[in-house]
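Residues per chain are reported as follows:
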Amino acid sequence: MLVLAHISDLHLDGSDRATRRAERVRDLLWGLPGRVDALLVTGDIADHGTEAEYEEAARLLGLREDGAPFPVLTCPGNHDSRAPYRKALLGEPPADGPVNGVHVFADAAVLMCDSSIPGQDEGELDAHTYAWIEETLDGLDGDRPVLLAFHHPPVALHHPLPDRYRLGQPAKLGRLLERRPEIAGIVTGHAHTPAATTFAGRPLVVGPGVTWTLRLPWEGDAVADREAPPGFAFHVLDDEGRLTSHFRVAV
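Here is a short report on the structure shown in this document.

### What to know about the pattern of salt bridges
Okay, so step 1: A complete count under the given rule lists 13 salt bridges for this structure.
Okay, so step 2: A salt bridge links Arg86 to Glu92, with the shortest nitrogen-to-oxygen separation between them at 3.9 Å.
Okay, so step 3: We classify Arg86 as buried; its relative accessible area is 12%.
Okay, so step 4: Note on Glu92: relative accessible area 37%, which makes it partly exposed.
Okay, so step 5: In the salt-bridge network here, residues are joined through shared partners; they are Glu134, Asp138, Arg179, Arg180 and Glu182.

Printed below as a string of structure tokens:
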């Protein structure tokens with residue numbers, strides 16, 4: 001059984017507000033008394049994509065000197081910038097190509113995929129990323145369930161803001177899932193609202209935002225509820241390959 005914590009959309013911008021909200025979630029997760037195998041961070045880590053914002057994220061998320069109690073796995077969102085992300089967050093040489101990574105556990109794997117399009121708010125998994133996914137899955141030999149994690153949801157969430165900027169070419173992703181039964185589910189962010197649905201017959205779970213919560217059309221005219229507590233999720237991938245998700249807030 002794999003237990004994953006999940007946060008998204010920190011939008012760190014150097015402000016005390018953004019830092020405090022991220023630290024509230026971080027402190028709660030770091031202090032958990034029970035087992036968590038990894039933390040997934042599904043994009044919009046920075047608000048402006050600057051090195052200073054990623055340096056703060058690296059400190060806050062314990063990405064320097066083994067400061068986290070479990071692996072921290074990240075992928076970019078539309079507010080992120082690939083070269084500063086690589087340099088200041090990951091400690092890698094700066095480069096502008098997609099930022100993709102895989103973490104293999106004893107009985108499962110998580111593929112953190114880059115759905116960002118530099119300079120745009122819309123998302124897309126490009127040809128390089130699709131080829132990387134296929135090659136990575138081939139290397140895993142189909143003998144363990146796999147979660148795909150990226151920023152942009154591939155389906156409508158019934159709010160005009162995230163639906164305007166969702167993942168492009170979802171049919172291409174659907175064909176990948178048809179070919180790859182080992183993919184147990186998809187985890188995303190971007191929408192600032194916890195949501196659960198399906199895509200191509202698999203679970204699709206959207207993590208809540210840390211910085212603010214999206215108000216749905218029937219909840220009133222305001223788009224952003226900046227007073228709602230920062231949210232996060234726990235995902236459990238069990239021995240039968242079933243994905244179960246639980247949502248929480250850091251009060």
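### A few points about the layout of surface pockets
Okay, so step 1: When its volume is computed, the largest pocket comes out at roughly 320 Å³.
Okay, so step 2: Along the wall of the largest pocket there are 20 residues; nearest its centre are His11, Asp44, His79, His192 and Trp212.
Okay, so step 3: Only α1 (16-30) and α5 (160-164) provide two or more residues apiece to the lining of the largest pocket.
Okay, so step 4: For the lining of the largest pocket, a count of residues per class yields seven nonpolar, seven polar and six charged.

### Section: the environment of Tyr165
Okay, so step 1: Its place among the elements puts Tyr165 in the loop between α5 and α6 (170-179).
Okay, so step 2: When the C-alpha positions of Tyr165 and Glu122 are compared, they lie 4.3 Å apart, and in sequence the two are 43 residues distant.
Okay, so step 3: Ignoring anything within four residues of it in the chain, the contact list for Tyr165 reads Asp121, Glu122, Gly123, His152 and His190.

### Thoughts on the nonpolar core
Soluble globular proteins tend to pack their nonpolar side chains together in the buried interior.
Okay, so step 1: Ranked by internal contacts, the top residues of the largest apolar core, which has 30 residues, are Ile7, Leu29, Leu39 and Val41.
Okay, so step 2: Secondary-structure elements contributing two or more residues to this core are β1 (2-7), α1, β2 (38-42), α2 (51-60), α3 (82-90) and β12 (231-237).
Okay, so step 3: If near-sequence neighbours (up to four positions away) are discounted, Ile7 is found in contact with Val25, Leu29, Leu39, Leu40, Val41, Thr42, Leu61, Val210 and Phe232.
Okay, so step 4: Core analysis: the second largest hydrophobic core is formed by 25 residues, Leu111, Cys113, Trp132 and Ile133 among them.

### Points about the environment of Leu148
Okay, so step 1: Mapped onto the elements of the fold, Leu148 is located in strand β6 (residues 146-149).
Okay, so step 2: Relative accessible area serves as the criterion here: at 0%, Leu148 is assigned to the buried category.
Okay, so step 3: Along the backbone, Leu148 and Thr42 are 106 residues apart, and their C-alpha atoms lie at a distance of 11 Å.

### Overview of α6
Okay, so step 1: Along α6, the residues classified as buried are Leu173, Gly174, Leu176 and Leu177. Each buried residue of α6 lies within a common arc of 155° when the element is viewed along its axis, so the set occupies one face. The outward face of α6, more than 90 degrees from its buried face, is lined by the exposed residues Ala171 and Glu178.
Okay, so step 2: For α6, the secondary structure elements touched by its buried residues are α4 (127-140), β6, β7 (183-188), β8 (195-199) and β9 (202-206).

Parameters at a glance
Residues numbered from 1 in each chain as written. Predicted model: local features only at pLDDT ≥ 70, side-chain atom pairs only at ≥ 80, totals over all residues. Heavy atoms only, no water. Salt bridge = Lys/Arg side-chain N within 4 Å of Asp/Glu carboxyl O. Buried < 20%, exposed > 50% of the residue type's maximum accessible area, 1.4 Å probe, protein only. 1 Å grid on protein atoms, 1.4 Å probe; cavity = no way out; pocket = protein on both sides within 12 Å on 5 of 7 lines; lining within 4 Å. Points joined across faces, edges and corners; volume = space filled by probe spheres on them. Helix = DSSP H or I, 4+ residues; strand = E, 2+ residues; numbered from the N terminus. Nonpolar A, V, L, I, M, F, W, Y, C, P; charged D, E, K, R; others polar. Contact = heavy atoms within 4.5 Å. Core = buried A, V, L, I, M, F, W, Y, C linked by side-chain atoms within 4.5 Å. Arc of directions from axis to C-beta.

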